[in-house]
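Reading the structure
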Amino acid sequence: MQLARRIQQIPPSATLALNTKANQLKAQGVDVVNFGVGEPDFDTPSHIREAAIRAIQEGFTRYTPVGGILELKEAIAYRFHQDLGLAYTPAEIMVSCGGKHALYNLFMVIFEAGDEVIVPAPFWVSYPPMLMLAEAVPVIIPTRQENSFKLTAAELKERLTPKTRGIILNSPSNPTGAMYSQKELAALAEVVLKHNLTVISDDIYDKIRFDGAPFWNLAMLAPELKRRTFVLNGLSKTYAMTGWRIGYAAGPAQAIAAAIKLQSQSTSNPNSIAQKAGVAALLGPQDAVAAMLSEFAWRRDDIYRRLLDIPGLSTSKPEGAFYIFPNFSAYFEACQPAPGQTYSQYLAEYLLEEAQVAMVPGAEFGEDHCLRLSFATSRERIATGVGRIKEALAKLGE
Ligand code: PMP
Ligand code: GLU
């Protein structure tokens, strides 16, 4: 059967595909260290699971309002206000089946075919394909490792055209762990305002920060920026709830209503039980979040130190999220990529076969010099995995 062009033009999610591959190898008895997928390795805190059990027992098992129950929207609004000082009404909030779904809905309703949308590279794997599904044009802007892979106002200005409509910012970043300061955002804000850009601020890692630096997004800087910004977040990362599929977006009410209309014709409401669990997550005790954060911080320090101990690798220290993105290009000379394969893809394949370590090639994030490691795995696996990488790299090209 001939499939539609729209699906043929996009690849499957590289991060999810790699996770499937690593799990398959594990099932075959291979001792894989999985630095691949970005998923907290903790259980969902028990008070959240209990709220879900209660929801089932109380029969909260029917359709809900398409864009989420009021109780959850109010809990989301409470956290936005409490944590970021941002005021949203329930009409400015949409709850979807994961943050990914909320983003997809937004792209479909705010971008017209042919609209150019700025995506700083390295970027999370799903932005360009999702934009393409919405017939928008992702305009990838490479950033520099010396600047911790953060986009500058000058780099942004250079790529603006009369068709530029939007920009996606993700801080703390997947895959680099870099975080924009208030000052860096203020510089971008000037360009955003001057050129009337719509901003998508993907804040999904906003609670996973290590060095006490304050979190900022563009919407927090000024009311005129808030009016043109969609803030994206979800429960997956903060509360170790990847499987529950609850994400949300906040922004101008008219666009949010349109995105909910799209949701009404595609998925309907997000899972009713998971929504009740979401209320418990957002309004309940936050100490489990603090405990996960302190473990991530320990691992961040540990993996950073271990990677820098490998000759030839360079990397900046992640300020947030649970990824590190070292530059492996010192080893590229010894690589022999197949036709159509990039260096980081070759190296990821070599390290999976030679060292049984799964990592995502930087090429998937638009930066081929690097590979991404997720440190959402145990201390012991980090020590074992990085040790194996070091040994396998020493053997490369022998
Ligand atoms: N944005 C970024 C940058 C991510 O890494 C993820 C993780 N998959 C998401 C959005 C969406 O996560 P989810 O759909 O699980 O809410
Ligand atoms: N965001 C995570 C990652 O980058 C989960 C997988 C996905 O949705 O892409 O690994």
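Summary of the structure given here. Sequence order as written defines residue numbering, which begins from 1 separately in each chain. Numbering of ligands from 1 and lettering of chains from A proceed in the order in which they are written. Since the coordinates come from a predicted model, pLDDT governs what is reported: local features require at least 70, and pairs of side-chain atoms require 80 or more to be given and counted, while whole-chain, interface and lining totals use all residues. Calculated side-chain values reflect all of the structure's heavy atoms, with hydrogen atoms and water omitted.

1. Considering the pairing of strand β4 (residues 137-142)
A pair of strands is considered paired only if DSSP assigns at least 2 bridges between the two. A run of H or I in DSSP counts as a helix once it spans at least four residues, and a run of E counts as a strand once it spans at least two, with each numbered from the N terminus. With six bridges joining them, strand β3 (residues 116-121) and β4 adopt parallel strand pairing. What sits directly across from Ile118, in β4, is Val139. Taken together, β3, helix α6 (residues 127-133) and β4 form a β-α-β motif whose crossover is right-handed. By definition, the crossover connecting two strands over a helix is right-handed if that path, from the first strand to the second, turns clockwise as seen with the strands pointing away from the viewer.

2. Examining the site of ligand 2
Around ligand 2, the neighbouring residues are Ser13, Thr15, Leu16, Val37, Gly38, Lys100, Trp124, Asn174, Tyr205, Lys237, Tyr323 and Arg372. Between ligand 2 and the protein, one listed contact pairs an oxygen atom with a backbone N or O atom of Gly38 at 2.7 Å. Here a polar contact is recorded for every N or O atom pair within 3.5 Å, except that within protein the pair must consist of a potential hydrogen donor and a potential acceptor, and residues adjacent in sequence are included only if both atoms are side-chain atoms. Trp124 places a side-chain nitrogen or oxygen 3.2 Å from an oxygen atom of ligand 2. The protein chains hide 90% of the 280 Å² of surface that ligand 2 would expose on its own. When atoms are counted within 2 Å of each cavity's grid points, the one that captures over half of ligand 2 is the largest pocket. Among the residues forming the shell around ligand 2, the class breakdown is five nonpolar, four polar and three charged. Throughout, the term near means that a residue has one or more heavy atoms lying within 4 Å of the molecule or strand in question. Note that accessible areas follow from Shrake-Rupley with a 1.4 Å probe, and for residues the cover is restricted to the protein chains shown. The way it works is a 1 Å grid over only the protein atoms, where trapped points that fit a 1.4 Å probe form a cavity and open points with protein on both sides within 12 Å along at least five of seven lines form a pocket, and then any residue with an atom within 4 Å of a point lines it. Just a note on the criterion: a molecule sits in a pocket or cavity if more than half of its atoms are within 2 Å of the grid points. Ten residue types, Ala, Val, Leu, Ile, Met, Phe, Trp, Tyr, Cys and Pro, are classed as nonpolar, four, Asp, Glu, Lys and Arg, as charged, and the remainder, Gly among them, as polar.

3. Topic: the sheet that holds β4
In spatial order, the strands read β2-β8-β7-β6-β5-β3-β4; together these seven strands make up an open sheet with mixed pairing. Two strands bound the open sheet, and with one partner strand each, they are β2 (93-96) and β4. Taken pair by pair, the neighbouring strands of this sheet meet at an average axis angle of 20 degrees, ignoring direction. One ladder, built from three bridges, connects β3 with strand β5 (residues 164-170); its direction is parallel. Orientation is described by axes fitted as lines to C-alpha atoms, over the contacting stretch for helices, and by angles from 0 to 180 degrees between their N-to-C directions.

4. With respect to helix α5 (residues 99-110)
Structurally, the α-helix is built with 3.6 residues per turn, so residues lying three or four positions apart point the same way. In this model α5 runs 16 Å from its N-terminal to its C-terminal C-alpha over 12 residues, within 8% of the 16 Å that 1.5 Å per residue would give. Exposure is judged per residue with a 1.4 Å probe applied to protein chains only, and the accessible area is read against the type maximum: over 50% gives exposed, under 20% gives buried, and values in between give partly exposed. Of the positions making up α5, those classed as buried are Gly99, His101, Ala102, Leu103, Asn105, Leu106, Phe107 and Ile110. In this scheme, a helix's expected span is set at 1.5 Å multiplied by one less than its residue total.

5. Some remarks on unusual backbone geometry
Peptide bonds are trans in most cases, and residues, glycine excluded, mostly fall at negative phi. Here Ala121 and Pro122 are connected by a cis peptide whose omega angle stands at 0 degrees. Mapped onto the elements, Pro122 comes out in the loop between β3 and α6. With an omega dihedral of 25 degrees, the bond running from Asn174 to Pro175 counts as a cis peptide bond. Note on placement: Pro175 falls in the loop between β5 and α8 (182-194). The phi angle at Ser148 is positive, at roughly 55 degrees, despite the residue not being glycine. In this fold, Ser148 is placed in the loop between β4 and α7 (153-158). Here Ser148 falls in the partly exposed class, since its relative accessible area comes to 23%. Phi at Asn196 takes a positive value of approximately 50 degrees, unusual for a residue other than glycine. Judged by its relative accessible area of 52%, Asn196 falls in the exposed class.

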